[in-house]
Amino acid sequence: MSDPLFTPFTLKNLVLRNRIVSTSHEPAYSEDGLPKDRYRAYHREKARGGVALSMIGGSALVSPDSMPPFGNLQLWRDEAVPLLRSLADDVHEQGAAVMTQLTHMGHRTDNYTHDWIPALSASGTREPAHRAFSRVADARDLQRIARDFADTAARCRAGGLDGVEISAYTGHLLDSFLSPRHNRRTDEYGGSLENRMRFPLEVIRAVRAAVGEEFIVGVRMSFDELLPDDSGMVEADALAVAAAMTEAGVDFFSVNRGNADTDYQLAKVIPPMFTPASPHLEFAGRIRRQLSVPVMHSSRIADVATARYAITEGLLDMVGMVRALMADPDLPNKTRDGHADRIRPCVGASMCIDGIYTNGSALCIHNPATGRETQLPQRITPVAAERAGRAAVIGGGPAGLEAARVLAERGHAVDLYEAADRFGGQVALAAISERRRDLIGIVDWRVAECKRLGVTLHRNHYVDADELESLTDGVDVVIVATGGVPDTTLGIPGDELAIDSWDIIAGSRKVGGDVLVYDDLGGHQAMDAVEALLRTAATVEYATPERSVAPDVGASPAGQYFALMADHGVPTGVLHRLQSIERHDGRLRARLQVEGATAVTERIVDAVVIERGTAPDPELYDVLLPGSVNLGQIAVKELLARAPQPADANPAGTYALYRIGDAVASRNIHAAIFDAYRLCSAI
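- You'll find the chain entered in an unreviewed UniProt entry as N-methylproline demethylase, with Tsukamurella asaccharolytica given as the organism.
- Under the UniProt heading Sequence similarities (unreviewed entry), the entry covering the chain gives this text: "In the N-terminal section; belongs to the NADH:flavin oxidoreductase/NADH oxidase family."

Okay, here's the thing in structure tokens:
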């Protein structure tokens, strides 16, 4: 029986090889605002992995007065055309189609970026997420921007793309005209639905005239903004707009639901973990039944079974799986070839969308090659059989599991030793939280891959110094991935009285009463500790020396934590540095101070929980050093070039020794996996 996901689909005059689409998104991989090598390599790998259509340039800009808030492509520039041609040729060579989304960001931008041109919108709205005040677009602006859309679409056709998608959702310029929430105009472009759709229709007609009848033109639009009292776009109005757009020349719709006025609302459009899977799929199916052109949709459709259901039940014509394809660009080919069980899962950590703002570009929490295709391969190349050796990996957290997997993919014989009764290290600890339980997919996938590749897995096996001689006998490589221990040492009086967050999250310490959580890390860990404490009915206060609460937690998951803390009345204090802890009448006195201030505030509490990352445990590494050929050093130049590491520092040594992950320094999940992948893929 044929798989519905792999039935071809004809979109206008374009035959797609299957129904799996990487819908438009902006990973901020542009260089100087253009789709150069990094951008091209990212989409080539998706095409090579079997996707039918790869859509580039989510929010690609059509006008020079639309400032790029997150690395957007600037396709209004003529020099983009040959670069688009190169990208299109690469994607087509791999059997996939390629399109781009076009937009004017309107008020959804930053006034203090790039050329500092003031934002503009239908009615001078301020957009909360990027905080820009905008000016009101006048008639001359609208005429010019319509021409800009048309000229940019013509560039895309000249660049060999198969089509364009016009963005009319999440607060961009066209959406600010369509949505009554943002459009408060009193001229011919405001008021009635007919007036509000006037400018978007002018844009579509201008684009269609510029590219001709054969070129594909689509629209991405929210068909229900989910705003209180129906103050935004509602389904009935959206269907009327879609009918008018179809008459004006639109060939498909990318159906969305929700709005992006705030970070919390955006997390409903692009849902993170701890939210329902495919929350808008049935809604998209209802819209599809009422439209006369094909429909695609993408919103946390992360697994093949759901994608197949969407096609089988006629809910969609094309199913968008952007984040799933970032986690594993080979998802289509693995599915087609009967290896769906080997797909690296998207766990919904939102490091991709949030990474644009926190790291400067989208990153997958556990696929370090995504976005780094010019530096790292998405597929591991085995060494020649005569070069295969033996490796011992000590520690079964994310770094150790990745090291074992990659070394085994290279063809080496690998033993992995884990002291605990389960693999995963701090990932397994984090997954105890219901809010982050999906993270366990990072561990489960690697354990399954290690088993498939023949890695010998040892659990409940604590490697001590006495065992090292026998463990390293005949071994060519030793990877130390032992992580670290919770670090509560602030160097202040009384810090030994504090409890670490690990004990709170794991439930091994039961704490009640009044609790101060002091966050000197800024990640999820302190937030998870707060949540665990709230479940025990503790009264919690949060303090941090940072300027904001949990600065390393991206906007998508942060909103959920903040809502939880607000519901439980958790007070938060920023710029408060813990000065001391002392016993006081059977309780604890904690002193906090804002740096530079003379005032000291005191809290009388039953417990102080400190989160400040991990302290590496160097014991095994130090014992292993004298027997290593490289004296434990990783040569950075060779590491970055993915070249073999030098092995001549110690002629008496018998094995190469490397440390990775938190065994080196306290960092995050992505860094641990990146360490292992980059190093071991060249061993």
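1. A word on the pattern of salt bridges
Move 1: One pass over the full model with this rule turns up 44 salt bridges.
Move 2: One salt bridge in this structure joins arginine 300 and aspartate 438, with 2.8 Å as the shortest N-O distance. Within this pair, whereas arginine 300 is found in the loop between strand 11 (295–297) and helix 10 (304–312), its partner aspartate 438 is found in the loop between helix 15 (426–430) and helix 16 (440–452), the two being separated by 138 residues in sequence.
Move 3: Measuring nitrogen to oxygen at the nearest pair gives 3.5 Å for the salt bridge that ties glutamate 409 to arginine 452. Within this pair, whereas glutamate 409 is found in helix 14 (residues 398–410), its partner arginine 452 is found in helix 16, the two being separated by 43 residues in sequence.
Move 4: Overlapping salt bridges, with partners in common, bring together Asp65, Arg135, Asp141, Arg144 and Asp148 in one network.

2. Let's talk about the side chain of histidine 412
Move 1: Residue position: histidine 412 is located in the loop between helix 14 and strand 14 (413–417).
Move 2: Judged by relative accessible area, which is 11%, histidine 412 ranks as buried.
Move 3: A distance of 2.9 Å separates a polar atom in the side chain of histidine 412 from the backbone nitrogen of glycine 389.
Move 4: When residues no more than four places from it in sequence are discounted, the contact partners of histidine 412 are Val383, Arg387, Ala388, Gly389, Leu407 and Ile683.

3. A few points about the environment of alanine 122
Move 1: On the secondary structure map, alanine 122 appears in the loop between strand 6 (119–121) and strand 7 (134–136).
Move 2: Residues alanine 122 and isoleucine 610, 488 residues apart in the sequence, show an inter-C-alpha distance of 48 Å.
Move 3: Beyond its immediate chain neighbours, meaning those up to four positions away, alanine 122 contacts Val136, Leu173, Ser176, Phe177, His182, Asn183 and Arg185.

4. Here we look at helix 3 (residues 139–158)
Move 1: The end-to-end C-alpha separation of helix 3 is 29 Å, in line with the 28 Å expected for 20 residues at 1.5 Å each.
Move 2: Its side-chain oxygen placed 3.1 Å from the backbone nitrogen of arginine 140, aspartate 138 serves as the N-cap of helix 3.
Move 3: At the C-terminal side of helix 3, glycine 160 shows a positive phi close to 85 degrees.

5. As for the UniProt feature "domain: NADH:flavin oxidoreductase/NADH oxidase N-terminal" (unreviewed entry) in the chain
Move 1: Sequence positions flagged by UniProt for "domain: NADH:flavin oxidoreductase/NADH oxidase N-terminal" (unreviewed entry) are, in local numbering, residues 5–340.
Move 2: Annotated as 36% helix and 16% strand, the span residues 5–340 places its first and last C-alpha atoms 13 Å apart.

6. Re unusual backbone geometry
Move 1: Here serine 59, not a glycine, exhibits a phi torsion of approximately 70 degrees, which is positive.
Move 2: Turning to its location among the elements, serine 59 is positioned in strand 4 (residues 53–61).
Move 3: Residue serine 59 is classed as buried on the basis of its relative accessible area of 7%.
Move 4: Not every positive phi belongs to a glycine, and leucine 226 is a case in point at roughly 55 degrees.
Move 5: The residue leucine 226 is located in the loop between strand 9 (216–222) and helix 7 (235–248) in this model.
Move 6: For leucine 226, a relative accessible area of 34% gives the class partly exposed.

7. Some remarks on the packing of aromatic side chains
Move 1: Counting across every chain of the model gives seven aromatic pairs.
Move 2: On the numbers, 6.2 Å between centres and 80 degrees between planes, the contact of phenylalanine 177 with tyrosine 189 is edge-to-face. Taken as a pair, phenylalanine 177 in helix 4 (residues 173–178) and tyrosine 189 in the loop between helix 4 and helix 5 (193–196) lie far apart in primary sequence, twelve residues in all. For the pair phenylalanine 177 and tyrosine 189, a shared accessibility class is recorded, and that class is buried.
Move 3: Relative to phenylalanine 199, the ring of phenylalanine 177 lies with its centre 5.0 Å away and its plane at 50 degrees, an arrangement referred to as tilted. With a gap of 22 residues between them, phenylalanine 177 in helix 4 and phenylalanine 199 in helix 6 (residues 198–211) connect regions that are remote in the sequence. Comparing phenylalanine 177 with phenylalanine 199 shows no difference in burial state: the two are buried.
Move 4: Taken together, the ring pairs connect Phe177, Tyr189 and Phe199 into an aromatic cluster.
Move 5: Across the ring face of phenylalanine 674, the terminal group of arginine 372 is positioned such that the distance to the ring centre comes to 3.8 Å.

8. Side note on a negative patch on the surface
Move 1: Together, Asp464, Asp466, Asp617, Glu619 and Asp622 give the surface a local cluster of negative charge.
Move 2: With respect to the secondary-structure elements, glutamate 619 resides in helix 21 (residues 619–624).
Move 3: Residue classification places glutamate 619 among the partly exposed residues on the basis of a relative accessible area of 44%.

9. Points about the sheet that holds strand 27 (residues 656–659)
Move 1: What the five strands build is an open sheet, ordered 15-14-13-16-27; its pairing is parallel. What marks the edges here is a single partner per strand, and that holds for strand 15 (456–458) and strand 27. Looking at each pair of strands side by side, their axes are set apart by 15 degrees on average, direction ignored.
Move 2: In the packing of helix 14 onto the sheet, the strands contacted are strand 13 (390–394), strand 14 and strand 16 (477–480), and the crossing angle to strand 14 comes to about 170 degrees.

10. Considering the nonpolar core
Move 1: Formed by 93 residues in total, the largest nonpolar core has its most connected members in Phe199, Phe223, Met245, Phe253 and Leu316.
Move 2: Here this core gets seven residues from one element, more than from any other, and that element is helix 7.
Move 3: If near-sequence neighbours (up to four positions away) are discounted, phenylalanine 223 is found in contact with Val234, Glu235, Ala238, Leu239, Ala242, Phe253, Val255, Asn256, Phe283, Ile287 and Leu291.

11. Quick look at empty space enclosed by the protein
Move 1: Summed over the entire model, instances satisfying the criterion amount to two cavities of 30 Å³ or more.
Move 2: Each pocket or cavity is described by its volume, and for the largest cavity that value is around 110 Å³.
Move 3: Forming the walls of the largest cavity are 15 residues, and the residues nearest its centre are Cys346, Ala349, Cys352, Cys364 and Ile365.
Move 4: Of all the secondary-structure elements, those providing two or more residues to the lining of the largest cavity are helix 11 (322–327) and helix 13 (351–358).
Move 5: In terms of residue count, the dominant contributor to the lining of the largest cavity is helix 11 (three residues).
Move 6: For the lining of the largest cavity, the per-class residue count stands at eleven nonpolar, three polar and one charged.
Move 7: In this model, the second largest cavity occupies a volume close to 40 Å³.
Move 8: Taken together, Glu638, Leu639, Arg642, Ala643, Pro644, Gln645, Arg678, Leu679 and Ala682 make up the full set of residues lining the second largest cavity.

Criteria and thresholds
Residues numbered from 1 in each chain as written. Predicted model: local features only at pLDDT ≥ 70, side-chain atom pairs only at ≥ 80, totals over all residues. Heavy atoms only, no water. UniProt positions renumbered as here; feature names shortened; annotations may be inferred. Salt bridge = Lys/Arg side-chain N within 4 Å of Asp/Glu carboxyl O. Helix = DSSP H or I, 4+ residues; strand = E, 2+ residues; numbered from the N terminus. Buried < 20%, exposed > 50% of the residue type's maximum accessible area, 1.4 Å probe, protein only. Polar contact = N/O pair within 3.5 Å; in protein donor to acceptor, adjacent residues only side chain to side chain. Contact = heavy atoms within 4.5 Å. Expected span 1.5 Å × (residues − 1). Phe/Tyr/Trp six-rings, centres within 6.5 Å; stacked < 30°, edge-to-face > 60°. Lys NZ or Arg CZ within 6 Å of the ring centre and 35° of its normal. Patch = residues over 30% accessible without salt bridge, like charges linked within 9 Å, V, L, I, M, F, W, Y side chains within 5 Å. Areas by Shrake-Rupley, 256 points an atom, 1.4 Å probe, with all protein chains shown as cover. Lys, Arg positive; Asp, Glu negative; His and termini not counted. Charge placed at Lys NZ, Arg CZ, Asp CG, Glu CD. Pairing = 2+ DSSP bridges. Axes fitted to C-alpha atoms, helices over the stretch in contact; angles between N-to-C directions. Core = buried A, V, L, I, M, F, W, Y, C linked by side-chain atoms within 4.5 Å. 1 Å grid on protein atoms, 1.4 Å probe; cavity = no way out; pocket = protein on both sides within 12 Å on 5 of 7 lines; lining within 4 Å. Points joined across faces, edges and corners; volume = space filled by probe spheres on them. Nonpolar A, V, L, I, M, F, W, Y, C, P; charged D, E, K, R; others polar.

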